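Commentary on secondary and tertiary structure
Next come the chains, spelled out residue by residue.
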Amino acid sequence: MSFSKKLKQFFTSKPKNNNWDGLIEAYKPWLPVTKKTPIITLKEGATPLIEIKSIANRIGKGVKVYAKYDGLNPTGSFKDRGMTMAISKAKEDGCEAVICASTGNTSASAAAYAKRGGMRAFVVIPDGYVAQGKLAQALVYGAEILAIKGNFDKALDIVRELSNKYPITLVNSVNPYRLQGQKTAAFEIIENLGNAPDWLCIPMGNAGNITAYWMGFEEYFYANKSKQLPRMMGFQASGSAPLVEGKSISNPETIATAIRIGNPVNKEKALLARESSKGKFSSVTDLEIINAYKILGKEEGIFCEPASAASVAGLLKLKNDVPKNSTIVCVLTGNGLKDPDCAINNNDSIFHTDVEPDMNSIIKKMGF
Ligand code: F0G
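Attention in this report is confined to the structure presented alongside it. (Residues numbered from 1 in each chain as written. Predicted model: local features only at pLDDT ≥ 70, side-chain atom pairs only at ≥ 80, totals over all residues. Heavy atoms only, no water.)

1. Considerations on the pairing of strand 7 (residues 199-203)
Regular strands have side chains that alternate between both faces of the sheet. Test applied: Residue exposure (1.4 Å probe, protein chains only): buried if accessible area is under 20% of the type maximum, exposed if over 50%, otherwise partly exposed. What counts as a helix is a DSSP run of H or I of at least four residues, what counts as a strand is a run of E of at least two, and both are numbered from the N terminus. Pairing between two strands is assigned when DSSP locates at least 2 bridges connecting them. With strands facing away from the observer, any crossover in which the path from the first strand over the helix to the second runs clockwise is taken as right-handed.
Of all the five residues making up strand 7, five are buried; the element is thus mostly covered by neighbouring parts of the structure. Alternating residues of strand 7 divide into Trp199, Cys201 and Pro203 and Leu200 and Ile202, and every residue in both groups is buried. Strand direction decides the pairing type here: strand 7 and strand 8 (residues 231-237), joined by five bridges, are parallel. Each residue of the ladder has a partner; that of Trp199, found in strand 8, is Arg231. Between the parallel pair strand 7 and strand 8, the chain is carried across by helix 10 (residues 208-222), and the sense of this crossover is right-handed.

2. Side note on the packing of aromatic side chains
The criterion, for reference: Here is the rule: rings of Phe, Tyr and Trp (six-membered ring for Trp) pair when centre to centre is within 6.5 Å. Planes less than 30 degrees apart are stacked, more than 60 are edge-to-face, and the remainder are tilted. Placement of a positive charge over a ring is assigned whenever Lys NZ or Arg CZ falls within 6 Å of the ring centre and within 35 degrees of the normal to the ring plane.
Enumeration according to the criterion identifies seven aromatic pairs in this entry. Ring geometry for Tyr213 against Phe217: centres 6.1 Å apart, planes inclined by 40 degrees, an arrangement best described as tilted. Of this pair, Tyr213 and Phe217 are both found in helix 10, four residues apart, which corresponds to roughly one turn of the helix. For Tyr213, a relative accessible area of 0% translates into the label buried. For Phe217, a relative accessible area of 0% gives the class buried. Of note, Arg260 hangs over the ring of Tyr129, and the distance from its end group to the ring centre comes to 3.6 Å. For Arg274, the ring lying beneath its charged end belongs to Phe281, and the centroid distance is 4.8 Å.

3. Digging into the nonpolar core
The criterion, for reference: Working definition of a nonpolar core: buried Ala, Val, Leu, Ile, Met, Phe, Trp, Tyr and Cys residues. They are joined through side-chain atoms within 4.5 Å. Residues are treated as being in contact if the distance between any of their heavy atoms lies within 4.5 Å.
Residues Ile55, Val65, Val312 and Leu315 are the most contacted members of the largest nonpolar core, which totals 39 residues. Counting only elements with at least two residues in this core, the list comes to helix 3 (53-59), strand 2 (64-69), strand 7, strand 8, helix 13 (286-300), helix 14 (306-317), strand 10 (327-332) and helix 15 (340-345). Of the residues forming this core, the biggest block, seven residues, is contributed by helix 14. Once residues within four sequence positions are removed from consideration, Val312 is found in contact with Ile52, Ile55, Ala292, Leu296, Cys330 and Leu332. Counting 30 residues, the second-largest nonpolar core is a separate cluster that includes Phe187, Ile202, Ala207 and Ile210.

4. With respect to the sheet that holds strand 9 (residues 280-284)
Cut-off, in case you're wondering: Lines fitted to C-alpha atoms define the axes, with helix axes restricted to the stretch in contact, and inter-axis angles between N-to-C directions lie between 0 and 180 degrees.
Pairing within the open sheet is mixed, and its six strands lie in the order 1-2-10-7-8-9. The open sheet has two edge strands, strand 1 (49-51) and strand 9, and neither has a second partner. Each neighbouring strand pair of the sheet contributes to a mean axis angle of 25 degrees, computed without reference to strand direction. Across the face of the sheet, helix 9 (residues 184-193) comes into contact with strand 1, strand 2, strand 7 and strand 10 while running at roughly 140 degrees to strand 2.

5. Observations regarding unusual backbone geometry
The backbone phi angle of Lys43 is positive, close to 65 degrees, even though this residue is not glycine. Following the sequence through the fold, Lys43 ends up in the loop between helix 2 (23-26) and strand 1. Phi is positive for Lys61, close to 55 degrees, though the residue is something other than glycine. Mapped onto the elements of the fold, Lys61 is located in the loop between helix 3 and strand 2.

Have a look at this one:
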């Protein structure tokens with residue numbers, strides 16, 4: 001190509017991002033949408049896959065580790081992938097109101113997409129156990145919030161019953177369209193790496209996301225878009241680990257409030273994903289979660305919420321099992337800004353207060 005032609009191409013080509021119209025547009029043939037489906041989108045998806053060497057270095061053995069930073073979705077979590085589908089289909093069906101139970105992220109995402117689709121959004125949350133950022137989002141998006149004196153599991157029981165009796169669409173991950181949207185994250189990973197990773201490390205709460213990823217990996221594998229399937233490595237917080245312990249937990253507790261769930265509704269599907277992929281479910285303590293959370297922040301410049309750090313904490317815990325030269329993806333499900341209290345209470349930063357506003361005082365504090 002001549003230089004002048006190249007120059008012309010440079011000035012007339014658009015940056016890639018301008019062509020991204022959200023994941024339904026991008027993956028239409030893979031999703032249950034038709035020409036009639038009104039697409040409710042905030043241009044979710046296409047999130048970055050970022051190499052995290054600080055974690056790979058702690059493992060050694062020539063491994064490559066990547067973070068799928070889904071906290072960069074429009075409302076700051078992977079839920080947007082499922083919500084664009086669930087809300088678009090609800091709109092197609094003429095629905096006027098949606099409801100969900102949530103530890104916070106689902107409520108933020110449901111509210112944003114419902115409002116964009118001109119619907120009412122009811123969210124039922126465990127009172128006192130939703131991170132500030134998530135609550136702020138639900139408020140700003142105009143959700144109608146019902147904070148119950150009970151945990152997520154109780155809230156989910158209530159909304160399931162409600163949606164059976166009243167004309168209101170349930171948008172928790174029991175809604176099959178949610179998982180359809182969420183599976184696209186697996187497609188993106190395969191497109192970025194040119195193959196599926198050897199391991200996928202992912203936090204589990206209600207176990208919808210691990211189910212969705214497995215669906216995505218299988219679909220692309222059987223369409224010859226990847227040469228292999230990953231092992232699905234699911235992680236739960238040790239105070240809230242029903243899938244690891246093999247029994248429901250009546251009073252789940254963890255700093256990672258997003259995954260404070262004792263009776264995962266997608267349990268059977270998640271167990272099937274583990275079995276089919278020869279995967280493994282393990283638990284990580286709150287301390288291990290916070291350790292991974294801090295490493296990601298101060299060594300990688302990646303701020304995720306504590307539940308998301310469970311995937312990295314889990315990988316570090318299983319480092320002896322990691323095969324040589326393997327490629328591993330850790331899913332960072334939510335943005336760190338969601339939970340500012342956790343950040344302020346768990347960091348190693350130096351915060352000088354009462355600093356006099358003059359050069360000498362500042363230099364002294366800086367240690368020069
Ligand atoms: N990470 C984050 C940040 C989450 O918000 C959730 C779930 C998970 C992981 C677990 O995903 O449930 O598909 O296994 N949050 C739900 C909510 C429960 O209400 O926002 P899962």
